[in-house]
Amino acid sequence: LSRSSLFGRGSRYSEIRKSLAAAPGARSAGFGDAPLQTLYAALAVPEEQVHVFTDVGMVSRGGASHRPARGLPPPAPKSPYAQGGVLEARGGSGGWNGTNGTNGTGSEYPRQKAAIYVLADGGRLGRLVEMLQSLDRHFNNRFHYPVVVFEENLLPVQKARLSAATRSPLTFVPAGFGLPAFIDERQVPNQTGCLPERGMGYRHMCRFQAGIVNRRLAELGYEWHWRMDDDSLLTGEVPYDVFGYMASAGKLYGYVSTVRDDDACIVDLWDTAKEYAQRLRLSSENFFGEWPRGAVYYNNFEVSHSSVFTSPQYRAYFDHIDQNGGIYMRRWGDAPIKSIAVSMFVSADRIHRFGDLGYRHAPFIDQEPAATRRNTGGAPRLLPRLALAWKPDAPVHSVIGSFHIEAQPDAALQQLLAPSDTAGGGAWIGADSAASVGLGPARGAASQTFVWLFGDTLVGSVSAAPGSPPQRVRRDAARGGFLVRNSVGALEVDARTRRPVGPMRFAWKPQVRIGEGDGPVFSASAGPREPDDFMWPLAGLSYCPHGTACKLVVIASQCAKMSGAVAGLLDGDAFTVRGSVAIVVHNPHDAADSWTYEMQPIPSPAYEGLVMWHAGIARADEHGRHDEEGEWAYFLGALGGWTKQILGRLPIADLARLDFGRMQAWSHASPGAAPGWSLVSALPRGDDFARSLVTVGGVSESSQEAGVWFHRAMGLWYIPFVEGTRLILRTARTLTGPWSSHAVYELPERWSPERDYFAYAVKSHPELAAEDEIVLTYNVNLRNNPDMGRLFDLGEADTYVPQFLRLQVRG
């Protein structure tokens, strides 16, 4: 914004611009208006008359973006020219105390022999300029650490452009990419299953970042190394010397976030590392044995001491990985290679998460700086709105083939799961998953019983003072505690109207001795287990063979809680999935806390956790067509990265006996073969087993909880799941596909990711839907929610309660 007198006709600026336009070479130089107006403003406008709109959100198609301050006080007056020539006014964040102990103003930490480093690509200099300027603006304007730019054949003019764009001292060092002598270039595939568009240059980069760059920096005399990528951005003031903090706190490795790598990018890597660790007896050292397969530090922001990646132990480990050839043959990335090494060679107490720094790296990381958060003791989010999620939202319309879909929340059904406000302290007050299963045919009966299978369940009460939003209250440990790992609800449904008859009745196992804690309905102690194992039931069906009582067949994930130290390093839930389990309940019509059942692991001849068969289950015929009396039970599963659905099947009679000898998988019997059904026992083992499976479509990270159902009116199978803020239905005529995706609902603002919520575990409930309807539930939880503590905050009583959604289907 500017007054017309500044740049308009007749202004001094217009005269200067005309003079510049007439200067020799001006036409070919193509001066832009932004630098010309910036230079003139710097000459002609007093500093106190320049204002920076830090409270306005803005996005430019050219790539610039700025997030609004969201309720912050106006920035303290500062010279807009004080920060390295960048027009910006902001308040300092001082000595803020971060979420895991970071604190400092910069002066209290001794300066280190340290450098920031980046790998430059001549085709992406614009991004690198933006990164360097964010580094100047938020950190190096105070600390002036050198920046080492590793490059391959940058032109002198490109180096000059980078040097002119930053006040940080730059050193350019050739990267020296090239194939190692033990790799035959003729054997290197042009593409791999991991990001096939990434060619040889990307694989050179992975090897350089994994095994070469830290050694080169150490040779240059630097003891501390801070990696930034050319598309990394600091987005807020860094109020302390990160190197000084790491040294003073006795830390060796620092990061911002963890993510899960795709299975296609780590084929054989974990097994190769595991074999190396076992050979050198490293498995019991540090936490490699607990580190989840595929979990990686998102190392485009990485601060490390030189000893971490230049030690003899690391060099020997890297040489083993390098000489395996997987970097070039399978495109193993530097992030998983180095993450595994950290779990082998660095103790958890010497690893630091920079949870207080503003950092962005699209598309996975956008961490707000701590100084702009409302609740400085936790993760960045807005306070919850007091309105419940189901209060009036406009219906969402979509189309699937020739059918029109109208979706909106269902307030009446939501009351079935409304957290209790009783003062007794032992009520069901929230859970996730919420799969429902009918208990056999209702021959002539006016109603039928359906059981609802819940995962982690909160127990306590809900209170609300006059004029205040409701708040959960934990039940104390002496009375049974506030958490059970699974619970069951029982609901009677009118067979004609498909409406509930009475409230839902909840059950779990009460504690036997005071202080022991209430127990789940399904306990891992009934089957093969390790200490701290637990079960999350995710789907089920009823099996009623002729002449015998009905049985309830449930599939569940077998999980284990991770240790506190390792859990604290990971983004997301502090558990690991060990595999899938089938459970057969012999007396499902009895009270759930008195059920008798058997369980058996569903076989998966692959590395632990790589293949899971517990997402969903349905009955169909041998061709994958819907048939409620079909002889086959189809399992919807997921590969360990949770990004690809897979399909298995077993005769329903075998499943009821927990006999998996005839289990089949939709797979390639041999490389290049057409998809077909093969016995699981006939397929290869380990990672080769996972590679042989045919995916039926990627469905996001919630796919391990994405079940499958059939809609008669549309004649389609459907898999519901959440992708970002959209609820998606994937549909197909047969279970083997092909599948297509349709967005049918946009989550309400109440559950916005900007408020730190995420949605998952979408389940369908055909028993509550008319023939032209689909009834769904989805669950909502809070990120950065250790021990579920934030679910007991004021105004969060409706969070972590399955949300009902009714879809009208019109032909």
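Our structure's up above, just so we're on the same page.
Residues numbered from 1 in each chain as written. Predicted model: local features only at pLDDT ≥ 70, side-chain atom pairs only at ≥ 80, totals over all residues. Heavy atoms only, no water.

**Points about the overall build of the protein**
Check the secondary structure of the protein and you find 18 helices and 38 strands. In the protein, which comprises 811 residues, the share counted as buried stands at 55%. For the protein, contacts bridging at least 24 residues in sequence account for 67% of all contacts bridging at least 6. With an accessible surface of roughly 35,000 Å², the protein has 51% of that area assigned to carbon and sulfur atoms. (Helix = DSSP H or I, 4+ residues; strand = E, 2+ residues; numbered from the N terminus. Buried < 20%, exposed > 50% of the residue type's maximum accessible area, 1.4 Å probe, protein only. Contact = heavy atoms within 4.5 Å. Areas by Shrake-Rupley, 256 points an atom, 1.4 Å probe, with all protein chains shown as cover.)

**So, the packing of aromatic side chains**
Under the definition given, this model contains 41 aromatic pairs. On the basis of an interplanar angle of 75° and a centroid distance of 6.1 Å, the ring pair of tyrosine 317 and phenylalanine 345 is categorised as edge-to-face. Remark: phenylalanine 345 occurs in helix H14 (residues 334-345) and tyrosine 317 occurs in helix H12 (residues 312-324); sequence separation between them is 28 residues. On the basis of relative accessible area, tyrosine 317 is assigned to the buried category, the value being 0%. Following the ring pairs from residue to residue traces out a cluster consisting of Tyr253, Tyr255, Tyr276, Phe287, Trp291, Tyr297, Phe309, Tyr314, Tyr317, Phe318 and Phe345. (Phe/Tyr/Trp six-rings, centres within 6.5 Å; stacked < 30°, edge-to-face > 60°.)

**Some words on the state of the cysteines**
Enumeration according to the criterion identifies 2 disulfides in this entry. The disulfide that involves cysteine 194 links it to cysteine 265, with 1.9 Å between the sulfurs. The S-S bond linking cysteine 194 to cysteine 265 shows a torsion near 80°; that makes this disulfide right-handed. Of this pair, cysteine 194 sits in the loop between strand E5 (170-174) and helix H7 (200-211) while cysteine 265 sits in the loop between strand E9 (258-260) and helix H10 (269-279), and the two are 71 residues apart along the sequence. Take cysteine 194 and cysteine 265: they sit in the same class, and that class is buried. The disulfide bridge from cysteine 544 ends at cysteine 550, spanning 2.0 Å between sulfur atoms. Given an S-S torsion of about 110°, the disulfide between cysteine 544 and cysteine 550 has right-handed geometry. Taking relative accessible area as the criterion, cysteine 544 reaches 29% and is therefore assigned partly exposed. (Disulfide = S-S within 2.5 Å.)

**Things to note about the sheet that holds strand E27 (residues 611-620)**
Across the sheet, which stays open at both edges, the 5 strands sit in the order E27-E28-E29-E30-E31 with antiparallel pairing between neighbours. Of all the strands in the sheet, the pair left with one neighbour each is E27 and strand E31 (676-679). Strand-to-strand twist in this sheet, taken as the mean axis angle between neighbours without regard to direction, amounts to 35°. Sheet topology note: the strand E28 (residues 632-639)/strand E29 (residues 645-651) ladder contains 7 bridges and is antiparallel. When the sheet's bridge partners are listed, alanine 633 is paired in E29 with leucine 650. (Pairing = 2+ DSSP bridges. Axes fitted to C-alpha atoms, helices over the stretch in contact; angles between N-to-C directions.)

**Considering the nonpolar core**
Phe150, Trp291, Tyr297, Tyr317, Ile337 and Ile351 are the most contacted members of the largest nonpolar core, which totals 54 residues. Residues contacting tyrosine 297, with those up to four places away along its chain left out, are Tyr253, Tyr255, Ser257, Thr258, Phe287, Trp291, Ala335, Ser339, Val342, Ile351 and Leu569. Formed by 38 residues, the second largest nonpolar core is a distinct cluster that contains Tyr145, Leu154, Met246 and Phe354. (Core = buried A, V, L, I, M, F, W, Y, C linked by side-chain atoms within 4.5 Å.)

**So, the pattern of salt bridges**
Taken as a whole and judged by the stated rule, the model has 30 salt bridges. Its salt-bridge partner being aspartate 231, residue arginine 124 comes within 3.6 Å of it at the nearest N-O pair. Of this pair, arginine 124 sits in the loop between strand E3 (114-120) and helix H5 (125-143) while aspartate 231 sits in the loop between strand E6 (224-228) and strand E7 (233-234), placing them 107 residues apart in sequence. Look at arginine 124 and you get partly exposed, because its relative accessible area is 28%. Its relative accessible area of 23% is what places aspartate 231 among the partly exposed residues. Put simply, glutamate 302 and lysine 338 hold a salt bridge, and the shortest N to O gap is 3.0 Å. With glutamate 302 in strand E11 (residues 301-305) and lysine 338 in helix H14, this pair connects stretches of sequence that are 36 residues apart. Here the two residues glutamate 302 and lysine 338 agree in accessibility, since each one is buried. (Salt bridge = Lys/Arg side-chain N within 4 Å of Asp/Glu carboxyl O.)

**Brief notes about the pairing of strand E4 (residues 147-151)**
Judged by how many residues are buried, E4 sits mostly within the fold: 5 of 5 residues are covered. Side chains Val147, Val149 and Glu151 of E4 all project onto a buried face; the interleaved residues Val148 and Phe150 project onto the opposite face, where all are buried too. Two strands pair when backbone bridges link them, and E3 and E4 are joined in this way by 5 bridges, in the parallel orientation. The partner of valine 118 across the bridge, within E4, is valine 149. With H5 bridging E3 and the parallel E4, this β-α-β connection has right-handed handedness. The sheet contact formed by E4 and E5 spans 5 bridges and is parallel. Looking at E5, one finds that valine 147 is bridged to leucine 170. With respect to chirality, the unit in which E4 leads through helix H6 (residues 156-165) into the neighbouring parallel E5 is right-handed. (Right-handed = clockwise from strand over helix to strand, strands pointing away.)

**Quick look at the sheet that holds strand E26 (residues 597-601)**
Taken in spatial order, the 4 strands make up an open sheet running E23-E24-E25-E26, and their pairing is antiparallel. Where the open sheet ends on each side, the last strands, each with one partner, are strand E23 (533-543) and E26. The average angle at which neighbouring strand axes cross in this sheet is 25°, direction not considered. Bridge count between strand E25 (residues 575-585) and E26: 5 bridges; the pairing is antiparallel. Considered in E26, the bridge of valine 584 is made with glutamate 598.

**Digging into the environment of valine 801**
Along the chain, valine 801 falls in the loop between strand E37 (773-782) and strand E38 (803-810). On the basis of relative accessible area, valine 801 is assigned to the buried category, the value being 2%. Once the C-alpha coordinates of valine 801 and glutamine 414 are considered, the two residues, 387 residues apart in sequence, prove to be 9.1 Å apart. In this view, valine 801 contacts Gln414, Leu417, Pro419, Ile429, Gly430, Ala431, Arg472, Tyr778 and Asn779; residues no more than four positions away in its chain are not counted.

**Overview of a nonpolar patch on the surface**
Taken together, the side chains of Leu1, Phe53 and Val56 make up a nonpolar region of the molecular surface, amounting to roughly 380 Å² of accessible area. The topology assignment puts leucine 1 in the segment before helix H1 (4-7). (Patch = residues over 30% accessible without salt bridge, like charges linked within 9 Å, V, L, I, M, F, W, Y side chains within 5 Å.)

**Concerning the packing of H10 against H14**
Here H10 crosses H14 at 30°, and the two axes come no closer than 11 Å. Here H14 runs roughly parallel to H10, going by the angle between their axes. The crossing of H10 and H14 is right-handed. Along its contact with H10, which presents Leu269, Trp270, Ala273 and Ala277, the element H14 presents Pro336, Ile337, Ile340 and Met344. Of the residues belonging to the contact of H10 with H14, the class tally is 8 nonpolar, no polar and no charged. (Parallel < 35°, antiparallel > 145°, perpendicular 65-115°, else oblique. Left-handed = near helix turned anticlockwise from the far one by under 90°. Nonpolar A, V, L, I, M, F, W, Y, C, P; charged D, E, K, R; others polar.)

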